[in-house]
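Spelled out from the first residue to the last, the chains are:
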Amino acid sequence: QMDRGLHTGEAYMARGQLYASNKMWALAAIHFHRAAGMLEPRPAGHLALAQACIHLGEYELAAQALEAVQRLAPGIPQLAELTALLEAKRSGGHSSK
């Protein structure tokens, strides 16, 4: 369930980062999802959402978030890193992230 009392994309990002730092990926993902919508056209929320979804094994949702990043900021290094991580996870490989 989403935390109450948050009103800005930045607040949702901060709360998602708190949950992610505690490896509470489902809670992180729902907060990052809200942040992503509120912070566009900045890609940070989508990047964080993709990472959380990868940790959850929600690879299709991660791919959708990365597609949004591709539209918003195609040249940023985090896009290539998370895309490679997603592909490794999808193919059954392991990564240090």
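Please refer to the structure higher up on the page.
A brief report on the enclosed structure follows.

## Some details on the pattern of salt bridges
Thinking step 1. As enumerated under the stated definition, the model contains four salt bridges in all.
Thinking step 2. Here Asp3 ties to Arg15 by a salt bridge, and the two come within 2.7 Å at their closest N and O atoms. Of this pair, Asp3 sits in the segment before helix H1 (9-21) while Arg15 sits in helix H1, and the two are 12 residues apart along the sequence.
Thinking step 3. In this structure Asp3 comes out as buried when scored by relative accessible area, which is 17%.
Thinking step 4. Of the charged contacts, one joins Arg90 and Glu87 as a salt bridge, the two residues approaching to 3.5 Å between their closest N and O atoms. In this pair, Arg90 and Glu87 both sit in helix H5 (residues 77-90), three residues apart, roughly one turn of the helix.
Thinking step 5. On the basis of relative accessibility, which here comes to 39%, the residue Arg90 falls in the partly exposed class.
Thinking step 6. Residue class for Glu87 comes out partly exposed when judged on its relative accessible area of 42%.

Here is what the cut-offs are and how they apply
Residues numbered from 1 in each chain as written. Predicted model: local features only at pLDDT ≥ 70, side-chain atom pairs only at ≥ 80, totals over all residues. Heavy atoms only, no water. Salt bridge = Lys/Arg side-chain N within 4 Å of Asp/Glu carboxyl O. Helix = DSSP H or I, 4+ residues; strand = E, 2+ residues; numbered from the N terminus. Buried < 20%, exposed > 50% of the residue type's maximum accessible area, 1.4 Å probe, protein only.

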